[in-house]
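Structure at a glance
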Amino acid sequence: MGGAAEEIETMPDRRALVTGALAAGMFAALPPAARAAAGQATATSAQPVPGLTIAPEFYPTVMRVKRSFVQGSIHVLSSQHFLYFIDKPGWAVRYGVAVGKAELVYRGQAVVGRKVEWPSWKPTPEMIERNPAAYAKYADGMPGGPNNPLGARALYLYQNGHDTAIRIHGTTEPNSIGRSVSNGCIRMVNSHVVDLYNRVALGAPVTVY
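What you see is a predicted model, and the numbers here were worked out from it, not measured in a lab. (Residues numbered from 1 in each chain as written. Predicted model: local features only at pLDDT ≥ 70, side-chain atom pairs only at ≥ 80, totals over all residues. Heavy atoms only, no water.)

**Focus: the overall build of the chain**
- Per the secondary structure count, the chain includes six helices and 12 strands.
- Relative to its full complement of 209 residues, the chain shows a buried share of 46%.
- Put simply, 65% of the contacts in the chain that link residues at least 6 apart link residues at least 24 apart.
- A total accessible area of about 10000 Å² is found for the chain, and carbon and sulfur atoms account for 53% of it. (Helix = DSSP H or I, 4+ residues; strand = E, 2+ residues; numbered from the N terminus. Buried < 20%, exposed > 50% of the residue type's maximum accessible area, 1.4 Å probe, protein only. Contact = heavy atoms within 4.5 Å. Areas by Shrake-Rupley, 256 points an atom, 1.4 Å probe, with all protein chains shown as cover.)

Encoded structure:
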């Protein structure tokens, strides 16, 4: 690793596009035995989900990370479809995610401004304009529940006190995890987002690379 890795380590909140090589230096997977020894393995969210066909690496995995990352923060590597929650100094839980289509990928810094269980959903005007056949019928909103596109939990990302309209949320399409398919939001398997939701505090910093 060269200067770029050192810069991320000393300035973890700086907006940057993290390449595969750099990410490998920031986050390192632990073998199962080490995970158990660290007492970090999740009890339920890491278990197989019936009907889920995503790759094994997109299930929750405990990682060693640089100690400079702020405890309680979230980091999303869009190009790799991974979200990291910094559980404590030097440790993170990595989850697989789906992110926005190429032209809709959100990148930047935010904070968790709201946390909602079984959130309601309303497509943005931009979504309706891009695909009225799919979204116009939901212009008045859709109540929360198993059929809601936001799934079981949602973390609402805010910047300077304003809602960005970007969410980290569950999904009714869990096999989309590991792909770039959304309208900009960050999707997770429902059981995985419940696990993340229970760990994250309001105001937690979020950086999406």
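Next comes the rest of the description.
**A short note on the packing of aromatic side chains**
- Per the stated rule, a full pass over the model turns up three aromatic pairs.
- Each ring, one from F82 and one from Y84, has its centre 6.3 Å from the other, and the planes form 70°; the classification is edge-to-face.
- Residue classification places F82 among the buried positions, given a relative accessible area of 9%.
- Ring centres of W121 and Y135 lie 6.1 Å apart, and the angle between their planes is 65°; this geometry places the pair in the edge-to-face category. Here W121, found in the loop between β7 (108-117) and α4 (125-130), pairs with Y135, found in helix α5 (residues 132-135); they are 14 residues apart in sequence, far enough to count as distant.
- For Y135, a relative accessible area of 18% corresponds to the buried category.
- Over the aromatic face of W91 sits the side chain of R64, whose NZ or CZ is 4.8 Å from the ring centroid.
- If you follow R114 out to its NZ or CZ, it ends over the ring of Y156, 4.4 Å from the centre. (Phe/Tyr/Trp six-rings, centres within 6.5 Å; stacked < 30°, edge-to-face > 60°. Lys NZ or Arg CZ within 6 Å of the ring centre and 35° of its normal.)

**Here we look at the pattern of salt bridges**
- Enumeration according to the criterion identifies five salt bridges in this entry.
- The partner of R167 in a salt bridge is D163, with the nearest N and O atoms 2.6 Å apart.
- For R199, the salt bridge goes to D195, with nearest N and O atoms at 2.9 Å. Residue R199 and its partner D195 are located together in helix α6 (residues 190-199), separated by four residues, close to a single helical turn. (Salt bridge = Lys/Arg side-chain N within 4 Å of Asp/Glu carboxyl O.)

**Some points on the side chain of T207**
- In this fold, T207 is placed in strand β12 (residues 205-208).
- Among all residues touching T207, those that are not within four sequence positions of it are I74, H75, V76, G108 and Q109.

**Some thoughts on the confidence of the model for the chain**
- Per-residue confidence for the chain gives a mean pLDDT of 80; residues scoring 70 or more make up 78%.
- Taken as a whole, residues 1-24 scores under 50 in pLDDT and shows 35 contacts with residues more than four places along the chain or in a different chain.
- The low-confidence segment residues 30-45 (pLDDT under 50) makes 22 contacts with residues lying over four places distant or belonging to another chain. (pLDDT = per-residue confidence, 0-100.)

**Quick look at the pairing of strand β3 (residues 74-77)**
- Burial along β3 is two-sided: the residues I74 and V76 and H75 and L77 are all buried.
- Bridge count between β3 and strand β4 (residues 82-88): four bridges; the pairing is antiparallel. Counterpart to H75 in the pairing with β4 is Y84.
- Linking β3 back to β4 in an antiparallel pair, the connection comprises four residues, with H81 at a positive phi of about 60°.
- As judged from the three bridges shared by β3 and β12, these two strands associate in the parallel manner. Among the inter-strand pairings, I74 is bridged to a residue of β12, identified as V206. (Pairing = 2+ DSSP bridges.)

**A word on the nonpolar core**
- If you look at the biggest cluster of nonpolar residues, it comprises 24 residues, and the most contacted ones within it are I74, L83, L155, I168, M188, L196 and V200.
- Counting residues per element, the ones that place at least two in this core are β3, β4, β5 (91-96), β7, β8 (153-159), β9 (162-169), α6 and β12.
- Among the elements that line this core, the one with the most residues is α6, at three residues.
- Those residues in contact with I168 that lie beyond four places of it in its chain are I74, L83, R153, A154, L155, L157, I186, M188, V193, L196 and V206. (Core = buried A, V, L, I, M, F, W, Y, C linked by side-chain atoms within 4.5 Å.)

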